[in-house]
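Topology and contacts: notes
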Amino acid sequence: MKEELIRIENGEFLYEGNCYRFDLELSRGECVGVFTDDHVHEGTVYEGIFGGKSLFRGGRAFVWGKRVSSEEMAQFIRHHVVRLNRYRFTARESNVTDFLLCLGPDLSLSERRKIRRRLESDEASQLKKQMGITCSGKEKLIHLSVTEYYKLAVFRAWLRGYSVMILDRISEILPSQDLEDFMYCVRLLLGQGMGCIMLEINEDVLFNWASRIDVLQNRRLCFRLEPEEYDERLYRILGWRKKMQSSVDVRNREPVLSDGKTGFSLRNLVLPGKKPVNLEIQKGEIALFRDEHLEVLPLIKKCILEGENWILGDVYLGGSPVSTEEFRRMIGREICIQTELPDRDGGILFENLSGLENLAGALIPKTGRRVIRKNAVNSILKRAEEAFSRELLLKPVAQWSHPDRLKLIYYRWYLQNPKVLICLMPFSGQEAAYHEMILDMLVECAGRGMAILLVSSGVDRIYEKTENQEFRKRLKIL
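These notes cover the structure that comes with them. (Residues numbered from 1 in each chain as written. Predicted model: local features only at pLDDT ≥ 70, side-chain atom pairs only at ≥ 80, totals over all residues. Heavy atoms only, no water.)

Some details on the overall build of the protein
Within the protein one finds 18 helices and 19 strands. Across the 478 residues of the protein, 52% fall into the buried class. Approximately 23,000 Å² of the protein is accessible, and the part contributed by carbon and sulfur atoms is 46%. (Helix = DSSP H or I, 4+ residues; strand = E, 2+ residues; numbered from the N terminus. Buried < 20%, exposed > 50% of the residue type's maximum accessible area, 1.4 Å probe, protein only. Areas by Shrake-Rupley, 256 points an atom, 1.4 Å probe, with all protein chains shown as cover.)

Put into structure tokens, the structure is as follows:
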């Protein structure tokens, strides 16, 4: 029988005024998958158990088989649990040794000396060799690839002697081709008695690596799957159709395939610390800029959304040069930007407004001042009923389902019809069941003549699975 690390029975957790109910059970050597189809709620609260944000207020808690109080459980989590998520240690001057020995204020002098001796031991050298860690202690942390960094973080978890590792959506962080290499490093620690919890929305990753899958829905743990149950049952539990298609009626319009006219281009554009970028996207084309290591995304956001200028280079829209000032004035009209997780908190939807009001707020400024607002709203409502029921359009967006919210965002771009649509990590944080719907909507947007730029990682697996031939035909790899 495996030694139990942590167990919570009938746990009640308070998060931002709402009550959530989770059972939690983890033993040494186990890798437990936790699946949620709406990470911004259940997944965030579950992860918050280990980050001190979800308040334990009811149920029974056990650590190493012994009943403990909420304070004792919090102390165990503080000293024995490590979380790996998309937030990296980013001090520019820090090297690998600084990162490994960044031990925090809670350790005594003797504990610090013990960890330093462990780092210099033959056991540490052997483990680094097994993990494929080749960087020297003096190498700057910012020079490591994303995979090298997270493998080093796993080694650091061993060095510190943590008992539990939390992997928060690691499949969205690492390049898909490096995920198996990373999980091999995790398995080495599982073999030494560590326990692991994987918070994931990628069911393929859970099927491959988890020894059990806990499914979260409606603020509680609703189902538990054992390995022999890893099949279509997960989709039935969640009420998914295997693929969710868009429902936009486009029968009355002719698709606009690429007409050879340039919609958007960058020429010798230099972002801070990067080589010059040259790209050209034609009208009706979907172009993919791979950012597997998530290095370009923050630079694009700084230059486009936070007002920083690019260093050198030119931007062209429809074949005409555009200055930095003109480019920024066009954002929201001719050029639209969709950030990561646009359907969640902090996205582009106004939760308290109806779907119709969200569409009207984006579209009416394009109709001109002479158009009477009431007539414009009625026109938008009539058009939007191609994709949604009138009843749904009149409800606050906060009451919409996740897939309907996601579809509303892309339908907004479809109606607004900018010249350029830039989507930053459009598949990040989205369940696999919705990928096909996103591809459908991107095709519909491109069909109106937009030049679409996707800045994304992990697209290869989606491309291999899709049956959307028009997406394949329009896609251009930059």
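Concerning the packing of aromatic side chains
Taken as a whole and assessed by the stated rule, the structure comprises 12 aromatic pairs. The interplanar angle of 35° and the centroid separation of 6.2 Å between the aromatic rings of Y20 and F22 together place this pair among those described as tilted. By relative accessible area, which is 3% here, Y20 ends up buried. Judged by relative accessible area, F22 falls into the buried class, the value being 1%. Ring centres of F99 and Y149 lie 5.3 Å apart, and the angle between their planes is 35°; this geometry places the pair in the tilted category. Residue F99 is found in helix 3 (residues 96-100), and its partner Y149 is found in helix 6 (residues 146-160); the two are separated by 50 residues along the sequence. There is no split in this pair, since F99 and Y149 are both buried. Taken together, F13, Y20, F22, Y46, F50 and F56 form an aromatic cluster joined through their ring pairs. Lying over the aromatic face of W158, R118 brings its terminal NZ or CZ to 3.9 Å of the ring centre. The positively charged end of R448 is found above the aromatic ring belonging to Y414, 5.2 Å away from the centroid. (Phe/Tyr/Trp six-rings, centres within 6.5 Å; stacked < 30°, edge-to-face > 60°. Lys NZ or Arg CZ within 6 Å of the ring centre and 35° of its normal.)

Looking at the pattern of salt bridges
Summed over all chains, the structure comprises 18 salt bridges. As a salt-bridge pair, R83 and E47 come within 2.7 Å of each other at their nearest N and O atoms. A residue pair is termed long-range when its members are at least 10 positions apart, and R83 in strand 6 (residues 81-84) and E47 in helix 1 (residues 39-49) qualify at 36 residues. Among the residues examined, R83 registers a relative accessible area of 37% and is labelled partly exposed. By relative accessible area, E47 is classed as buried at 10%. Across the pair R390 and E385 runs a salt bridge whose closest N-O atoms are separated by 3.0 Å. The class for R390 is partly exposed, based on a relative accessible area of 44%. (Salt bridge = Lys/Arg side-chain N within 4 Å of Asp/Glu carboxyl O.)

Thoughts on the pairing of strand 12 (residues 277-282)
Two faces, one strand: in a regular strand the side chains alternate between the faces of the sheet. Going residue by residue along strand 12, you find V277, L279 and I281 tucked away on one face and N278, E280 and Q282 left uncovered on the opposite face. Of the strand pairs in this sheet, strand 11 (residues 262-270) and strand 12 are connected by five bridges, and their pairing is antiparallel. The partner of L266 across the bridge, within strand 12, is L279. (Pairing = 2+ DSSP bridges.)

Considerations on unusual backbone geometry
In the Ramachandran plot, N10 falls in the positive-phi region, its phi being about 50° despite a non-glycine side chain. Relative to the helices and strands, N10 is located in strand 1 (residues 4-15).

Remarks on the packing of helix 5 (residues 122-131) against helix 6
Contact geometry of helix 5 with helix 6 gives a least axis separation of 11 Å together with a crossing angle of 150°. As summarised for this structure, helix 5 and helix 6 are arranged roughly antiparallel, according to the angle between their axes. In the crossing of helix 5 with helix 6, the sense of the turn from one axis to the other is right-handed. Contact with helix 5, carried on its side by E123, A124, L127, K128 and M131, involves K151, V154, F155 and W158 of helix 6 and no other residues of that element. (Axes fitted to C-alpha atoms, helices over the stretch in contact; angles between N-to-C directions. Parallel < 35°, antiparallel > 145°, perpendicular 65-115°, else oblique. Left-handed = near helix turned anticlockwise from the far one by under 90°. Contact = heavy atoms within 4.5 Å.)

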